[in-house]
Amino acid sequence: MTHPPEPQDVDHPLTTKEGWAAFVNEAPAPPLVLPPAALQRLTEDERADYNTAREDYQAQLVIVSTPTIRHVAATGRKRILLNRHQHSARRGLIVSGPAGTGKTTAITQLGKNYEQLTRRRGTLSPRALPVLYVTVPPAATPKMLAIEFVRFIGLPLPSRFSQVEVTNRVCDLACTLACRLVLIDELHNLDIQTRIGAEASDQIKYLSERIPATFVLAGVDIEGTGLFAGRRGGQIASRYSLIPTSSFRHKTPQEQAAWQALVATLENALRLHAHRPGTLLRLAPYLHDRTAGMIGSLSHLVREAALDAILDGTEKITRTGLEAVDLDESAEQQNLPRARQRRARDARRTA
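Each chain carries its own residue numbering, running from 1 in the direction its sequence is written. Restriction of local features to residues with pLDDT of at least 70 applies here, the model being predicted, together with a cutoff of 80 or more for giving and counting side-chain atom pairs; totals for whole chains, interfaces and linings are based on all residues. Side-chain numbers here rest on the full set of heavy atoms in the structure, without hydrogens or water.

### Notes on the sheet that holds strand 3 (residues 181–185)
And step 1. Sheet architecture is open: 5 strands sit in the order 2-3-4-1-5, paired in parallel fashion. Each edge of the open sheet is held by one strand with a lone partner, namely strand 2 (131–135) and strand 5 (240–244). Strand-to-strand twist of the sheet, defined as the mean angle between neighbouring strand axes without regard to direction, takes the value 15°.
And step 2. With 4 bridges connecting them, strand 3 and strand 4 (residues 214–220) associate as parallel partners. In the sheet register, Val182 faces strand 4, and the bridge partner there is Phe215. Pairing between strands is defined by DSSP: at least two bridges between them are needed. Starting at the N terminus, helices and strands are each numbered in turn, a helix being any DSSP run of H or I of at least four residues and a strand any DSSP run of E of at least two. An axis is simply a line fitted to the C-alpha atoms; with a helix, the fit covers only the stretch in contact. Between two such axes, the angle follows the N-to-C directions and lies from 0 to 180 degrees.

### Re the packing of aromatic side chains
And step 1. In this analysis, rings of Phe, Tyr and Trp, with Trp reduced to its six-membered ring, are considered paired at centre separations within 6.5 Å, and the interplanar angle assigns stacked below 30 degrees, edge-to-face beyond 60, and tilted for intermediate values. Applying the stated criterion to the full structure yields 3 aromatic pairs.
And step 2. Relative to Tyr133, the ring of Trp20 lies with its centre 5.9 Å away and its plane at 25°, an arrangement referred to as stacked. Taken as a pair, Trp20 in helix 1 (residues 17–25) and Tyr133 in strand 2 lie far apart in primary sequence, 113 residues in all.
And step 3. Relative accessible area serves as the criterion here: at 2%, Trp20 is assigned to the buried category. Buried, partly exposed and exposed residues are distinguished by accessible area as a fraction of the type maximum, computed with a 1.4 Å probe on protein chains only: under 20%, between the cut-offs, and over 50%, respectively.

### Side note on the packing of helix 6 (residues 142–153) against helix 7 (residues 163–176)
And step 1. Following both chains from N to C, one finds helix 6 and helix 7 inclined at 40°, their axes separated by 9 Å at the closest point. The angle between helix 6 and helix 7 falls in the class oblique. Relative to helix 7, helix 6 is oriented so that their crossing is left-handed. Note on element contacts: helix 7 touches helix 6 through Gln163, Val166, Thr167, Val170 and Leu173, opposite Pro142, Lys143, Ala146, Ile147, Phe149, Val150 and Ile153. Angular relationships are summarised with four words: roughly parallel below 35 degrees, roughly antiparallel beyond 145, roughly perpendicular across 65 to 115, and oblique for the angles in between. Should the near helix be turned counterclockwise from the far one by less than a right angle, the crossing is left-handed, whereas a clockwise turn marks it as right-handed. The contact definition used throughout considers only heavy atoms, calling two residues in contact when any of these lie within 4.5 Å.

### Digging into helix 8 (residues 195–210)
And step 1. Here the expected span of a helix is defined as 1.5 Å times the quantity of residues minus one. Between its first and last C-alpha atoms helix 8 spans 22 Å; for 16 residues at 1.5 Å apiece the expected length is 22 Å, and the two agree.
And step 2. Among all positions in helix 8, only Gly197, Ala198, Ala200, Ser201, Gln203, Ile204, Leu207 and Ser208 are buried.
And step 3. Where helix 8 is buried, its residues contact helix 6, helix 7, strand 3, strand 4, helix 9 (230–237) and strand 5.

### Regarding the side chain of Thr167
And step 1. Tracing the sequence through the fold places Thr167 in helix 7.
And step 2. A distance of 2.8 Å separates the side chain of Thr167 from the backbone oxygen of Gln163, its partner in a polar contact.
And step 3. Dropping the residues within four chain positions of it, Thr167 is found in contact with Ala146, Gln203, Tyr206 and Leu207. In protein, a polar contact requires one atom able to donate a hydrogen and another able to accept it; more generally it is a pair of N or O atoms within 3.5 Å, and residues adjacent in sequence count only if both atoms are side-chain atoms.

Written out as structure tokens, the structure is:
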């Protein structure tokens, strides 16, 4: 019996070596914005292809060099250097803060930049995996955590393998594949108050002892999970530095300038025909109020408004267009007057 060929354009998740490799190698080029005369000469199919290319680009996350990204990049690079000849008690990082403050972006950019640097030096074999990226599954057990590493590497393992056997294979392979940086996301899924959660926490510590790599962990408000409490917590606290993340503030001139720089970067990435440069910059105070200073919410707001501008043909972002975007509930609840208006509007729709 023959099987159909594997599709060539498979969208692998970031938590697989294929997905991670695609992420490391991607360098999307901004599409050109054609002048009006060139637009008029496009056929219907050419115009559809042109708009699709812009839609795909606007939908992508624009990476902005925020203070968090710079801090994680600089500190992470130093930790990797410090750990290079460390045989035990290697030092790591924990990135912690509210949802939507750029934790995942910061640690994945650290991993991407490190892997690009090591590959440019030409010292790695094509099979090497200098960076491993996994997420902690809900209610994770030690074996479930080890299996996440197996899944990233793409190693087929018999289901009968015990936790010890899976863990040993992971550690052996990580060493063989020259892993030097391990990124573990969604750390808040570990419930340290339970026996299983505590054992999964011990598993991370054990992996960090067996794998000669720098471990960088990230999660939502880790300080409140009990990760640093008790004997177990004391060991983690003695080896990991904490980098907190937060929303952007907008009180002082320096804070306002930092927010404006973020907005300007997102605006410069727009590929719209009728958008007036500086429109979003003038709306910076409104954008801060609307998103509560959350970079994730701001990115969502601008990208969706840009897509709307292409789809409806207006080709520009206005405050009216921004108001039409439904944001995540966390950001909406921060703006209580708008939240009340939205509830009233929804009630009228369902009446």
